[in-house]
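# Structure assessment
One-letter residues, chain by chain:
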Protein chains: 2
Amino acid sequence: MKQKRIIVTGYGTVGKEFIELLYRKKELFLKQYHTELMVTGVVGSVGMVYESEGLDLSILHQLPTGSIGISQYASMKDLVLESPAIKGDILVECTPTNIETGEPALSYIKKALEANMDIVSVSKGALVHCLPELLAIAKGKGCHIKYSGATAAALPTLDIGEFSLAGSTIQSIKGILNGTSNFILTSMSEGNLTFEKALQLAQENGIAEKNPELDIKGLDSACKILLLANGLLHTNLTLEDVDIDGIDKITKADIQRAKINSCEWKLIATAKKQRDKFILQVKPEMIPPENPLIHVKGTNKGILFETEEMGAICCVGGASHPRGAAAAAMKDMINLIRQE
Amino acid sequence: MKQKRIIVTGYGTVGKEFIELLYRKKELFLKQYHTELMVTGVVGSVGMVYESEGLDLSILHQLPTGSIGISQYASMKDLVLESPAIKGDILVECTPTNIETGEPALSYIKKALEANMDIVSVSKGALVHCLPELLAIAKGKGCHIKYSGATAAALPTLDIGEFSLAGSTIQSIKGILNGTSNFILTSMSEGNLTFEKALQLAQENGIAEKNPELDIKGLDSACKILLLANGLLHTNLTLEDVDIDGIDKITKADIQRAKINSCEWKLIATAKKQRDKFILQVKPEMIPPENPLIHVKGTNKGILFETEEMGAICCVGGASHPRGAAAAAMKDMINLIRQE
């Protein structure tokens, strides 16, 4: 029986769903993976609750997200809120993604690697900033970094590259990696809407954020394809290397032109080999009917790997949901434990 | 640096493609997986060539498949053909699938497990006969059995269940797991052909065998869904537990009826929970347009997992090809080496 001490940084909806899953799956971990998982610390903006023998998840999972839940747990267990101390076996990083600086995730991840911890990251910022550097530090320490939750969550992307295509040569990766922009394009096509109307519909349905720039301008997709390329294709690229174009200039006339040709517009993130190096881009493309990505509708996502040995492999699914992201973090953790 | 001694049993097109891949990927294994792979023995119907320091793949990969290649290698290296001795670290089982008795694969696998070897099986027969028993023996020995090559080859099926859905609850698996019957159904639909004409077309294109019973009567799909259920859902079922119906009674009128409803006929292999147990079946189903399996055309395959935590995940690809099956065996081997 192994024991793993987990620190969760960031206690929003995903962090809370993760605690919920660990609570519900305790028996599974014991029986199937012979591992006792203890969440020893949860870090929020208000501070950290820490218990060296593991927090009581039967209490914690009933409390709200964020600082309120953390504070309530501390007062129920008579604990003092501490300043974050990253120590244990696995860091599960769930703070909000910060593309500009990568913080506070970057500091948490670096501290965790210093303490020889494995990393499961749901947030993208720190990885977008310096995944190759972090992977090198981890390698030197004999630690691992997994980040399915940061690259389309419940849709298997990293796993397919790492496990299902192990040993095969990946020639290109093409993905619909952002559910919001795909919802907007699907609505424009199926409802004959302008971009502005479709965006409004997405906002009314809680799919697009009030400031939708990250999604519609292609930056979110760019972050994900960058992480997939640096992780799976062993490139050492930065966000500046990604040629990015969004969907905000697509018109009703464009949509009609696609329909006449039996095509559909999709925001495609691509990593493909050109001569000896990989080039990365995000741009709207008219997808022809024979490309399986044409069938990815609404907030769903999809990824298409072209390989030398296994032909084309396409995976579709993973509509955005905090539980999906938490489940992605859970599978990363299981795969870490297995690989030891 | 690890060293792994591999025995390959069965030297048809897949066995030969596997040798070809190992030869071409030698550097990859050394660099990325820190493992030196040595094929110490290859077993064909004529006997075994064996060299304890590893066969010379630069010679072997240039020779033909089967007994001819094995005999030529033996005579070039002045070796005596031996009777099969299964010893080493990993058995890669590539003999033709024998549904009736599972032999000779079953004997090879049992001998390999006795010798504490891990198993990578491309052939289905032995596993269909007694996968749960073999898994139990392997567990007792601390060995592993992988068999992606036996469950739709290049299409990720087992991997998705094992790695991408690790920790999630699989509610059902539905798959188009047989490329030949899917080619026939696609041809009937797209070419307005009778079943007989479409079968003839498949035979003329080398897709259906002269005796197509295994494919069109649903037995091949039944074997695959049985292996997926016993492996991923921890059932202990046999082929008798699978309710099997083939595609040979589908008429042009059936196809028309589907089209009127925007549906397509597909031969669907299903494992789904009913009350507390899983039931297994193979039967032609009219797939509605919102089901992603409707887009699996020709010799392609597809699999759809319904899960509690991650929603629906669908993977499509893996058109039948010996290289795809060999690449599936190679990835299994890499994942074995990593899991140690």
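Analysis parameters
- Residues numbered from 1 in each chain as written.
- Chains lettered and ligands numbered in written order.
- Predicted model: local features only at pLDDT ≥ 70, side-chain atom pairs only at ≥ 80, totals over all residues.
- Heavy atoms only, no water.
- Helix = DSSP H or I, 4+ residues; strand = E, 2+ residues; numbered from the N terminus.
- Rg over C-alpha atoms; globule rule 2.2 N^0.38 Å.
- Areas by Shrake-Rupley, 256 points an atom, 1.4 Å probe, with all protein chains shown as cover.
- Lys, Arg positive; Asp, Glu negative; His and termini not counted.
- Charge placed at Lys NZ, Arg CZ, Asp CG, Glu CD.
- Domains from an automatic or database assignment.
- Contact = heavy atoms within 4.5 Å.
- Buried area = accessible area lost by both parts, 1.4 Å probe.
- Salt bridge = Lys/Arg side-chain N within 4 Å of Asp/Glu carboxyl O.
- Polar contact = N/O pair within 3.5 Å; in protein donor to acceptor, adjacent residues only side chain to side chain.
- UniProt positions renumbered as here; feature names shortened; annotations may be inferred.
- Buried < 20%, exposed > 50% of the residue type's maximum accessible area, 1.4 Å probe, protein only.
- Arc of directions from axis to C-beta.
- Pairing = 2+ DSSP bridges.
- Axes fitted to C-alpha atoms, helices over the stretch in contact; angles between N-to-C directions.
- Parallel < 35°, antiparallel > 145°, perpendicular 65-115°, else oblique.
- Left-handed = near helix turned anticlockwise from the far one by under 90°.
- Nonpolar A, V, L, I, M, F, W, Y, C, P; charged D, E, K, R; others polar.
- Least-squares fit on C-alpha atoms with pLDDT ≥ 70 in both.

Turning our attention to the overall build of chain A. The helix and strand inventory of chain A stands at 13 helices and 12 strands. The C-alpha atoms of chain A give 21 Å as radius of gyration, which agrees with the globular expectation for 340 residues (20 Å, within 12%). In terms of its C-alpha atoms, chain A occupies a principal-axis envelope of roughly 65 × 45 × 35 Å. Accessible area for chain A stands at about 13,400 Å²; split by element, carbon and sulfur atoms hold 50% of it. Put simply, chain A has 36 plus and 40 minus side-chain charges, and the middle of one group is 3 Å from the middle of the other.

With that settled, the discussion passes to the domain arrangement of chain A. Residues and elements named next belong to chain A. Here chain A is described as being made up of domain 1 (2-154 + 323-339) and domain 2 (160-319). The partner domain 2 presents 18 residues to the 15 residues of domain 1 that form the contact. Across the interface of domain 1 and domain 2, roughly 1,300 Å² is buried in total on both sides, 73% from carbon and sulfur atoms. The largest share of the area that domain 1 buries against domain 2 comes from Val128, Pro132 and Ala152, three residues that together contribute 35% of it. In this assembly, domain 1 and domain 2 are joined by two salt bridges. Lys124 is paired through a salt bridge with Asp220; the nearest N and O atoms lie 3.3 Å apart. Our count for the domain 1 to domain 2 interface comes out at three residue pairs in polar contact (both at pLDDT 80 or more). Of all the secondary-structure elements, those providing two or more residues to the side of domain 1 that touches domain 2 are helix H6 (125-141) and helix H13 (322-339).

It is worth spelling out the UniProt feature "binding site: L-homoserine" (unreviewed entry) in chain A at this point. UniProt annotation of "binding site: L-homoserine" (unreviewed entry) refers to Glu209 of chain A when read in the numbering used here. Relative to the helices and strands, Glu209 of chain A resides in the loop between helix H9 (195-204) and helix H10 (213-216).

The next subject is helix H12 (residues 252-260) of chain A. Residues and elements named next belong to chain A. Taken residue by residue, H12 has Asp254, Ile255 and Ala258 as its buried positions. For H12, the arc enclosing every buried residue in end-on projection is 100°, short of the 170-degree limit, so these residues lie on one face. Exposed and facing more than 90 degrees away from the buried side of H12 are Ala253 and Ile260. Close packing links the buried residues of H12 with helix H8 (179-191), strand E9 (264-274) and strand E10 (277-287). Following H12 by one or two positions, Ser262 has its phi on the positive side, about 60°.

Right, let's get into the UniProt feature "binding site: NADPH" (unreviewed entry) in chain A. All names here are of chain A. According to UniProt, the positions carrying the feature "binding site: NADPH" (unreviewed entry) are Lys124. By the element assignment, Lys124 lies in the loop between strand E5 (118-121) and H6. Apart from the residues lying within four places of it in its own chain, the contact partners of Lys124 are Thr97, Ala150, Asp220, Cys223, Lys224 and Leu227.

Let us now look at the sheet that holds strand E11 (residues 301-307) of chain A. With respect to topology, 12 strands assemble into an open sheet ordered E8(A)-E10(A)-E9(A)-E7(A)-E11(A)-E12(A)-E12(B)-E11(B)-E7(B)-E9(B)-E10(B)-E8(B), the strand pairing being mixed. Two strands lie at the open edges of the sheet, namely strand E8 (242-244) of chain A together with strand E8 (242-244) of chain B, each paired on one side alone. The mean angle between the axes of side-by-side strands here comes to 15°, regardless of whether they run parallel or antiparallel.

Before going further, it helps to spend a moment on the packing of helix H1 (residues 13-24) of chain A against H13 of chain A. Residues and elements named next belong to chain A. Packing of H1 against H13 brings their axes to within 8 Å, and their N-to-C directions diverge by 55°. The angle between H1 and H13 falls in the class oblique. Crossing hand, H1 versus H13: right-handed. Here Thr13, Val14, Glu17, Phe18, Glu20, Leu21, Leu22 and Arg24 of H1 come into contact with H13, specifically with Pro322, Arg323, Ala325, Ala326, Ala327, Ala329, Met330 and Met333. A class-by-class count of the residues in the contact of H1 with H13 yields 11 nonpolar, one polar and four charged.

As a general feature of sheets, a regular strand has side chains that alternate between the two faces. All names here are of chain A. Across the seven residues that make up E11, a large majority, six, are buried. Two strands pair when backbone bridges link them, and strand E7 (residues 170-176) and E11 are joined in this way by six bridges, in the antiparallel orientation. What sits directly across from Gly175, in E11, is Ile303. Here E11 pairs with strand E12 (residues 311-317) via seven bridges, running antiparallel. Looking at the pairing, Thr307 lines up with Gly311 of E12.

Let us look at the side chain of Ser181 of chain A. As for its placement among the helices and strands, Ser181 of chain A is situated in helix H8. In this structure, Ser181 of chain A is in contact with Asp215, Ile247 and Leu267 of chain A, ignoring residues within four places of it in sequence.

Further remarks concern the sheet that holds strand E3 (residues 47-50) of chain B. All names here are of chain B. Pairing in this open sheet of six strands is mixed, and the strands run E3-E2-E1-E4-E5-E6 from one edge to the other. Across the chains shown, the open sheet's two edge strands, defined by having one partner strand only, are E3 and strand E6 (145-146). With respect to the sheet, helix H1 (residues 13-24) is in contact with strand E1 (2-9), strand E2 (35-44) and strand E4 (90-93), its orientation differing from that of E1 by roughly 160°. Where helix H4 (residues 66-76) meets the sheet, its contacts fall on E2 and E3, and the angle it forms with E3 comes to roughly 45°.

Let us look at the relation of the copies chain A and chain B. When chain A is fitted onto chain B, the two copies agree to an RMSD of 0.0 Å after a turn of 180° and an axial shift of 0.0 Å. Read as a symmetry element, the transformation amounts to a two-fold axis. Take the interface residues of chain A: 100% of them recur as interface residues in chain B, which is what a same-surface contact looks like.

The next subject is the interface of chain A and chain B. If you look at the interface, chain A gives 40 residues, while chain B gives 40 residues. When chain A packs against chain B, the two sides together hide about 3,000 Å² of surface, and 54% of this comes from carbon and sulfur. For the interface between chain A and chain B, the tally reads six salt bridges. Where chain A touches chain B, the interface holds 19 residue pairs in polar contact (both at pLDDT 80 or more). Of all the secondary structure elements, the ones that give two or more residues to the side of chain A that touches chain B are H1, helix H2 (26-33), helix H7 (158-164), E12 and H13 of chain A.

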